[in-house]
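Structural overview
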Amino acid sequence: MDIYWPYSSYVCVFVCPGKVRWQDFDQDLYVGATVVRPGQDPYARNKFNQVESDKLRMDRAVPDTRHDHCRHKQWKSDLPASSVVITFHNEARSALLRTVVSVLKKSPPHLVREIILVDDYSDNPEDGALLGKIEKVRVLRNDRREGLMRSRVRGADAATAPVLTFLDSHCECNDHWLEPLLERVAEDKTRVVSPIIDVINMDNFQYVGASADLKGGFDWNLVFKWDYMTLEQRRARQGNPIAPIKTPMIAGGLFVMDKEYFEQLGKYDMMMDVWGGENLEISFRVWQCGGSLEIIPCSRVGHVFRKQHPYTFPGGSGTVFASIQSRLEMKKRLGCKPFKWYLENVYPELRVPDHQDIAFGALQQGGNCLDTLGHFADGVVGVYECHNAGGNQEWALTKDKSVKHMDLCLTVVDRTSGSLIKLQGCRENDSRQKWEQIESNSKLRHVGSNLCLDSRSARMGGLTVEVCSPSLNQQWKFTLNLQS
Ligand SMILES: [Mn+2]
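Reading the values: the criteria
- Residues numbered from 1 in each chain as written.
- Predicted model: local features only at pLDDT ≥ 70, side-chain atom pairs only at ≥ 80, totals over all residues.
- Heavy atoms only, no water.
- Salt bridge = Lys/Arg side-chain N within 4 Å of Asp/Glu carboxyl O.
- Helix = DSSP H or I, 4+ residues; strand = E, 2+ residues; numbered from the N terminus.
- Donors = N, O, S within 2.8 Å, 3.2 Å for Na, K, Ca; no water.
- Disulfide = S-S within 2.5 Å.
- Polar contact = N/O pair within 3.5 Å; in protein donor to acceptor, adjacent residues only side chain to side chain.
- Contact = heavy atoms within 4.5 Å.
- Patch = residues over 30% accessible without salt bridge, like charges linked within 9 Å, V, L, I, M, F, W, Y side chains within 5 Å.
- Areas by Shrake-Rupley, 256 points an atom, 1.4 Å probe, with all protein chains shown as cover.
- Buried < 20%, exposed > 50% of the residue type's maximum accessible area, 1.4 Å probe, protein only.
- Domains from an automatic or database assignment.
- Buried area = accessible area lost by both parts, 1.4 Å probe.
- Core = buried A, V, L, I, M, F, W, Y, C linked by side-chain atoms within 4.5 Å.
- 1 Å grid on protein atoms, 1.4 Å probe; cavity = no way out; pocket = protein on both sides within 12 Å on 5 of 7 lines; lining within 4 Å.
- Points joined across faces, edges and corners; volume = space filled by probe spheres on them.
- Nonpolar A, V, L, I, M, F, W, Y, C, P; charged D, E, K, R; others polar.
- Pairing = 2+ DSSP bridges.
- Phe/Tyr/Trp six-rings, centres within 6.5 Å; stacked < 30°, edge-to-face > 60°.

Attention now moves to the pattern of salt bridges. Under the defined criterion, the tally for this structure stands at 38 salt bridges. In this structure, Arg-184 engages Glu-294 in a salt bridge whose closest nitrogen and oxygen atoms are separated by 2.7 Å. Of this pair, Arg-184 sits in helix α7 (residues 178–187) while Glu-294 sits in strand β13 (residues 292–304); the two residues are 110 residues apart in sequence, bridging distant segments of the chain. For Arg-445, the salt bridge goes to Glu-436, with nearest N and O atoms at 3.0 Å. What you see here is one network of salt bridges that share partners, running through Lys-76, Arg-184, Glu-187, Arg-191, Lys-246 and Glu-294.

Encoded structure:
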């Protein structure tokens, strides 16, 4: 079922017949119909605090989080217009409405041709349909659950503007968010750009902001993560802190792309279900097939970050795999470069597990990770809060049983319980450096002494080996285990 106004809003001089300005939309009536009743859990439906979200006005003020330099910049006015595509499934009405209103309020009107809401079969069709009364808003509803990728492609196919802007359904656009993005795409259609994504706190809905020296990356579980820029990159930016940031990966939900380029590059894989992985896939594809990805620091958009998915994966999250034959053929047709090229040229700082590795990544104990603490040869090791950014927390367990950080190995200098572990240069066949995983890969045992890696003295000197026991101080888990 499609519900949308048949004319492009472009042809209406003030507001199209049957439509209202966003200022005249009855927020209380719309949001009031789905409030959290007393005694109900405010997190139950959305996995964020809906009560706090519902309290806010649809056009609430948010802090201007941009760098000072952005405030004096003049943006071109003859930029191409954009269609904003927002897909949603059972989104909180207040959050969805705020997303729509912030787009209309914070963008120069001539740059937003339309907002296309794709309702991915939400329980209540009115969540979307009622918003179709607002100027420029068109609503498409799927008649079954299609997932993020097919919903986005449906929205993109319906778009009439030359540039596509994809947003999540729980965002708030900040001042002049759109112009810097459109400017980069207008200059070069093979650029895919995203804003700096500010945090909106999921408990109290405060608009918090974000660190400006991050870029997007991933780990070998193929999960997106934020990386700090390398020292070199940060140095290069000192003269121009608002220069675009080349990024190996986009976070997913929020980006701007030329519509023709989106089509030419194969949109999204229509066999991808529900959610997840699409941001990695489109990022690899853009880079490998001749385009580039950038974060544009003067563009800021707030997003509610959650810890859990609020919705279900029909058939289970383990079943979202399909044949990629047609995508491989497309890759050939477009003359895309191999993944190896991407790793070497776009993301050289990502350490690639090699065929010698049995386990790889951070070595985690609860929220803490094994850390070199910046020490080198003959230094001790400790634990530090996990930061998921590699560096001093990157370890590998190799087939020859060493636990390695670069060319330094965990070494048991003295084979008695309670002795400190040292970092030493890796040596082949040195029994003091041989370790194995035991008890379903939950512990690390030193082969020569049968003692286990232990953190009980981490704060008083460093990690030690101790008699193996069920203690939590001896539980260690690699991010990626290739040994099952
Ligand atoms: Mn989101």
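Following the structure, the description resumes.
Now for the coordination of the manganese ion. At the metal site, the manganese ion is ligated by Asp-168 (OD), His-170 (NE2) and His-303 (NE2), and these contacts range over 2.0 to 2.3 Å. When the donors of the manganese ion are listed by position in the chain, the intervening gaps give D-x1-H-x132-H. With Asp-168 in the loop between β5 (163–167) and β6 (171–173) and His-303 in strand β13, this residue pair connects regions lying 135 residues apart in the sequence.

Tallying each qualifying case throughout the model produces five disulfides. Covalently, Cys-409 is tied to Cys-426 through a disulfide, its sulfur atoms 2.0 Å apart. In this structure, the disulfide formed by Cys-409 and Cys-426 twists by about 100 degrees around the S-S bond and is classed as right-handed. A residue pair is termed long-range when its members are at least 10 positions apart, and Cys-409 in strand β19 (residues 408–412) and Cys-426 in the loop between β20 (421–425) and β21 (435–438) qualify at 17 residues.

Let's shift gears to the side chain of Asp-198. Mapped onto the elements, Asp-198 comes out in strand β7 (residues 191–200). Here the side chain of Asp-198 touches Thr-65 through a polar contact of 2.7 Å, side chain to side chain. Engagement of the side chain of Asp-198 in a polar contact is seen with the backbone nitrogen of Ala-210, the distance being 3.2 Å. If sequence neighbours within four positions are ignored, Asp-198 has contacts with Thr-65, Asn-174, Tyr-207, Gly-209, Ala-210, Arg-300, Val-301, Gly-302, His-303 and Phe-305.

Here the focus is a nonpolar patch on the surface. Nonpolar side chains collect at one region of the surface, where Val-199, Val-208, Trp-226 and Phe-305 lie side by side and expose about 310 Å² of accessible area between them. Secondary-structure assignment places Trp-226 in strand β10 (residues 224–228). For Trp-226, a relative accessible area of 32% gives the class partly exposed.

The accessible area lost on association of the parts is a frequent measure of interface size. By domain assignment, the protein separates into domain 1 (22–345) and domain 2 (357–481). Computed over C-alpha atoms only, the centres of domain 1 and domain 2 are separated by 40 Å. Across the boundary between the two partners, domain 1 contributes four residues, which contact five residues of domain 2. At the boundary of domain 1 with domain 2, total buried surface from both sides reaches about 410 Å², with 59% on carbon and sulfur atoms.

Attention now goes to the nonpolar core. Soluble globular proteins tend to pack their nonpolar side chains together in the buried interior. By size, the foremost hydrophobic cluster in this structure holds 38 residues, and its most contacted members are Leu-97, Ile-115, Leu-117 and Ile-134. If one sorts the elements of this core by residue count, helix α4 (residues 93–106) sits on top with six residues. With sequence-adjacent residues up to four places away left out, Ile-115 is seen in contact with Val-84, Ile-86, Val-100, Val-103, Leu-104, Lys-136, Val-137 and Arg-138. In terms of nonpolar packing, the next biggest core, distinct from the first, is built from 35 residues, Ile-116, Leu-140, Met-272 and Ile-282 among them.

Scanning the model with the defined rule gives four cavities of 30 Å³ or more in all. Taken together, Met-58, Asp-59, Arg-60, Val-62, Arg-98, Val-101, Ser-102, Lys-105, Lys-106, Glu-172 and Cys-173 make up the full set of residues lining the largest cavity. Within the residue set of the lining of the largest cavity, elements represented by two or more residues are α4 and β6. In terms of residue count, the dominant contributor to the lining of the largest cavity is α4 (five residues). In terms of residue class, the lining of the largest cavity is built from four nonpolar, one polar and six charged.

With that settled, consider the pairing of β5. Of all five residues making up β5, five are buried, and the element is well covered by its neighbours. Across the two faces of β5 the burial is the same, with Val-163, Thr-165 and Leu-167 and Leu-164 and Phe-166 all buried. Pairing between strand β2 (residues 82–88) and β5: five bridges, direction parallel. Counted as the bridge partner of Ile-86 is Leu-167 from β5. Bridge count for β5 against strand β12 (residues 255–258) is four bridges, and the pairing is antiparallel. From the neighbouring strand, Val-163 faces β12, where its bridge partner is Asp-258.

For Arg-285, the location among the structural elements is in helix α10 (residues 278–288). The class of Arg-285 is buried, set by a relative accessible area of 7%. Contact partners of Arg-285, with chain neighbours within four places excluded, come to Leu-265, Gly-266, Lys-267, Tyr-268, Arg-327 and Met-330.

Here we take up the packing of aromatic side chains. For the coordinates displayed, the defined rule picks out 12 aromatic pairs. Both rings, one in Phe-262 and one in Tyr-268, keep their centres 6.0 Å apart while their planes meet at 75 degrees; by these two values the pair is edge-to-face. Judged on exposure class, the residue Phe-262 and its partner Tyr-268 are both buried. Note on Phe-284 and Tyr-342: the rings are 5.0 Å apart at their centroids and 80 degrees apart in plane angle, and the pair reads as edge-to-face. Here Phe-284, found in helix α10, pairs with Tyr-342, found in helix α12 (residues 339–345); they are 58 residues apart in sequence, far enough to count as distant.

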